[in-house]
Amino acid sequence: MVKRACKTIRQHQDEIIDAFTTFSGDRVAMLDYLIDLGDTLAPMDALYKTDRYLVQGCMSKVWVADTLITKRLFFQADSNTAITKGLISLLLKVLSGQSVQDIIEADLYFIATIGLNTLIGFQRSSGLAHMIKTLKIRALANNQIISHA
């Protein structure tokens, strides 16, 4: 969780787009890949699997914790479902370790480019939007901490 980001948000998004492009629209392969991405998430400490860290608005349970280190925000997360775990894994790949300001300003264009909302359906898309909102709110809250330090 405490690795310093060496790639930009744009670079991470472009890598995701390249990876999903290789599936040529094969929905089954894309969903399998998404599930595999979820399996790569580092285990989350049970201490964080409480209502305090729960993302509101998701049908599945998704927990997100954050740590601010030298103006960079590092996330850890988990979910109780495979596809949702893959979705939060994508978001963490792009945003974790980035500066608070970059997270706040991030345009997550990879979602539309790879057709993620179409792939996962309406309910999961709504949950994905809530995950993004949670990550950005955490960045805003940490920005307040930085501003007042």
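Residues numbered from 1 in each chain as written. Predicted model: local features only at pLDDT ≥ 70, side-chain atom pairs only at ≥ 80, totals over all residues. Heavy atoms only, no water.

With respect to the overall build of the protein chain
Moving on, step 1. Tallying secondary structure elements over the protein chain gives six helices and three strands in all.
Moving on, step 2. Shown N-terminal to C-terminal, the secondary structure of the protein chain runs as helices and strands in the order α-α-β-β-α-β-α-α-α.
Moving on, step 3. Taken along the three principal axes of its C-alpha coordinates, the protein chain extends 50 × 30 × 25 Å.
Moving on, step 4. Across the 149 residues that make up the protein chain, the buried fraction comes to 46%.
Moving on, step 5. Considering only intrachain contacts with a sequence separation of at least 6, the fraction spanning at least 24 residues in the protein chain is 66%.
Moving on, step 6. Put simply, the protein chain shows about 8,000 Å² of open surface, and 55% of that area lies on carbon and sulfur atoms.
Moving on, step 7. Counting 16 positive and 14 negative side-chain charges, the protein chain places the averaged centre of each group 6 Å from the other. (Helix = DSSP H or I, 4+ residues; strand = E, 2+ residues; numbered from the N terminus. Buried < 20%, exposed > 50% of the residue type's maximum accessible area, 1.4 Å probe, protein only. Contact = heavy atoms within 4.5 Å. Areas by Shrake-Rupley, 256 points an atom, 1.4 Å probe, with all protein chains shown as cover. Lys, Arg positive; Asp, Glu negative; His and termini not counted. Charge placed at Lys NZ, Arg CZ, Asp CG, Glu CD.)

Comments concerning the packing of helix H1 (residues 9-21) against helix H3 (residues 82-95)
Moving on, step 1. Viewed as axis vectors pointing N to C, H1 and H3 meet at an angle of 140°, and their least axial separation amounts to 7 Å. With respect to their mutual orientation, H1 and H3 come out oblique. Between H1, through Ile9, His12, Gln13, Glu15, Ile16 and Phe20, and H3, the contact on the second element is made entirely by Leu90, Lys93, Val94 and Leu95.
Moving on, step 2. Among the residues making up the contact of H1 with H3, the classes are represented as six nonpolar, two polar and two charged. (Axes fitted to C-alpha atoms, helices over the stretch in contact; angles between N-to-C directions. Parallel < 35°, antiparallel > 145°, perpendicular 65-115°, else oblique. Nonpolar A, V, L, I, M, F, W, Y, C, P; charged D, E, K, R; others polar.)

Things to note about the nonpolar core
Moving on, step 1. With 40 residues, the main nonpolar core has Leu34, Ile88, Leu91, Leu95, Leu108, Phe110 and Leu116 as its most contacted residues.
Moving on, step 2. Among the elements of the structure, H1, helix H2 (27-39), strand S1 (62-69), strand S2 (72-79), H3, helix H4 (100-105), helix H5 (110-113) and helix H6 (116-147) are those that each provide at least two residues to this core.
Moving on, step 3. Residue contacts for Leu116: discarding those within four places in its chain leaves Leu34, Leu87, Leu90, Phe110, Ile111 and Leu128.
Moving on, step 4. Within the second largest apolar cluster, five residues are counted, among which are Tyr53, Leu54, Trp63 and Ala65. (Core = buried A, V, L, I, M, F, W, Y, C linked by side-chain atoms within 4.5 Å.)

Regarding H6
Moving on, step 1. Counted at 1.5 Å a residue, the expected span for H6 with its 32 residues is 46 Å, but the 35 Å between its end C-alpha atoms falls short.
Moving on, step 2. At Phe122, H6 shows its strongest bend, of approximately 110°. (Expected span 1.5 Å × (residues − 1). Bend = angle between axes of the 7 residues up to and from the residue.)

Focus on the side chain of Asp78
Moving on, step 1. Here Asp78 lies in strand S2.
Moving on, step 2. The class for Asp78 is buried, based on a relative accessible area of 9%.
Moving on, step 3. Engagement of the side chain of Asp78 in a polar contact is seen with the side chain of Lys85, the distance being 3.3 Å.
Moving on, step 4. Those residues in contact with Asp78 that lie beyond four places of it in its chain are Leu41, Met44, Lys49, Lys61, Val62, Trp63 and Lys85. (Polar contact = N/O pair within 3.5 Å; in protein donor to acceptor, adjacent residues only side chain to side chain.)

Re the sheet that holds S2
What holds strands together in a sheet is hydrogen bonding between their backbones, with the strands either parallel or antiparallel.
Moving on, step 1. Strand order in the open sheet formed by three strands is S1-S2-S3, with antiparallel pairing between adjacent strands. Of all strands in the sheet, those with a lone pairing partner are S1 and strand S3 (98-99), marking the two edges.
Moving on, step 2. Of the strand pairs in this sheet, S2 and S3 are connected by two bridges, and their pairing is antiparallel. By the bridge assignment, Arg72 is partnered in S3 with Ser99.
Moving on, step 3. Contacting S1, S2 and S3, H3 runs over the sheet at an angle of about 170° to S2. (Pairing = 2+ DSSP bridges.)

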